[in-house]
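Residue-level structural notes
Read off the chains here:
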Amino acid sequence: MRSIALTKGVPDFSEGAVSFNEEGHLERGKTPTVMNPNDAFALEAALQTRVRHGGHVSAMSMGPPGYASVLEEAMEEVYADDTYLLSDRELAASDTWATAITLSAGLEKYIEEVAEIDLVFAGFKTADGETGQTGPQTAWAMDWPIVTHVIALDIDPDERILRAKRLVEGDIDEIETVEAPLPCFVVTDPEFQPTYRKASHRLTHKQLRSETRERAADHDDQLTTWDHADLNLDPDYIGLDGSPTIVSSVDPIPKAPSEREATMIDADDEEGMTELLEEMQPFAAGGN
């Protein structure tokens, strides 16, 4: 099985890491970029397929040169045999549609120059845009079937069929089992959980995780970069010029209140410690 896992860099939204200017706009240059958290589930699904059925996993991203670190993170934190970055200035300011066109061109070039693809994995949505459109739009551009909200999957390599369990409209209480022919797209849900029931699978998983961390140490040797010319893309249909979406405004994420009331109690204050224990006792006992 040969799989491609799509991933994207997003701002690090952890406390204190996000920088906004006076107008409330995100300052990406001053905000660290990390791998989109939901893409980790897509990578886990690709790794599970690699463990169970062998093959190869490539991670692919579209973005500025700095996204090489995102692909390195994907390789080190989850898994990838190699990585591909679609990057140049003509691709800047792409919306989801222009991104999908670029990614589909990258996938087609991969098929032409590297190998046929059986599965493309994508995360549910990104932490910055949260549209959930790029995976489905790329599948549409490739004219491949797609299964979304996947929480479990397996492959029948002889029949070339994907069997997956998926949430119905994102409802965790309703699950359906579906089949799709290969090649196809899989959009993993945050509820996805990889399973390795066989001892041989667990040993293979451990070995592959060790190997991918070693590769990540020399990530530049595993990275291939293609620009718009390599992908034979017309600049009029990519980047800002090829993006029909118009963003009217962006609201910064509100910060949680930082004020907290605290009562300092010295450990030698016997009376104070007694009062504290009496106050906390109902919680320790499972009370409300």
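The following refers to the structure shown. Just so it is clear, the model here is predicted, and its values are computed rather than measured.

**Quick word on the layout of surface pockets**
Looking at the second largest pocket, its volume works out to about 250 Å³. Lining the second largest pocket are 16 residues, and of these Arg-52, Ala-152, Leu-153, Asp-154 and Arg-163 lie nearest its centre. Of all the secondary-structure elements, those providing two or more residues to the lining of the second largest pocket are helix H1 (39-53), strand S7 (146-156) and strand S8 (161-168). Along the lines of polarity and charge, the residues of the lining of the second largest pocket split into six nonpolar, four polar and six charged.

**Points about the packing of aromatic side chains**
Summed over the entire model, instances satisfying the criterion amount to four aromatic pairs. When the ring of Tyr-84 is compared with that of Tyr-110, the centres are 5.2 Å apart and the planes differ by 75°; the resulting orientation is edge-to-face. Placement of the pair is Tyr-84 in strand S5 (residues 82-86) and Tyr-110 in helix H3 (residues 96-113), with a sequence separation of 26 residues. Judged by its relative accessible area of 7%, Tyr-84 is buried. Geometrically, the ring pair formed by Trp-97 and Trp-140 is tilted, given 5.6 Å between the ring centres and 55° between the ring planes. Of this pair, Trp-97 sits in helix H3 while Trp-140 sits in helix H4 (residues 134-142); the two residues are 43 residues apart in sequence, bridging distant segments of the chain. Taking relative accessible area as the criterion, Trp-97 reaches 29% and is therefore assigned partly exposed.

How each quantity is defined
Residues numbered from 1 in each chain as written. Predicted model: local features only at pLDDT ≥ 70, side-chain atom pairs only at ≥ 80, totals over all residues. Heavy atoms only, no water. 1 Å grid on protein atoms, 1.4 Å probe; cavity = no way out; pocket = protein on both sides within 12 Å on 5 of 7 lines; lining within 4 Å. Points joined across faces, edges and corners; volume = space filled by probe spheres on them. Helix = DSSP H or I, 4+ residues; strand = E, 2+ residues; numbered from the N terminus. Nonpolar A, V, L, I, M, F, W, Y, C, P; charged D, E, K, R; others polar. Phe/Tyr/Trp six-rings, centres within 6.5 Å; stacked < 30°, edge-to-face > 60°. Buried < 20%, exposed > 50% of the residue type's maximum accessible area, 1.4 Å probe, protein only.

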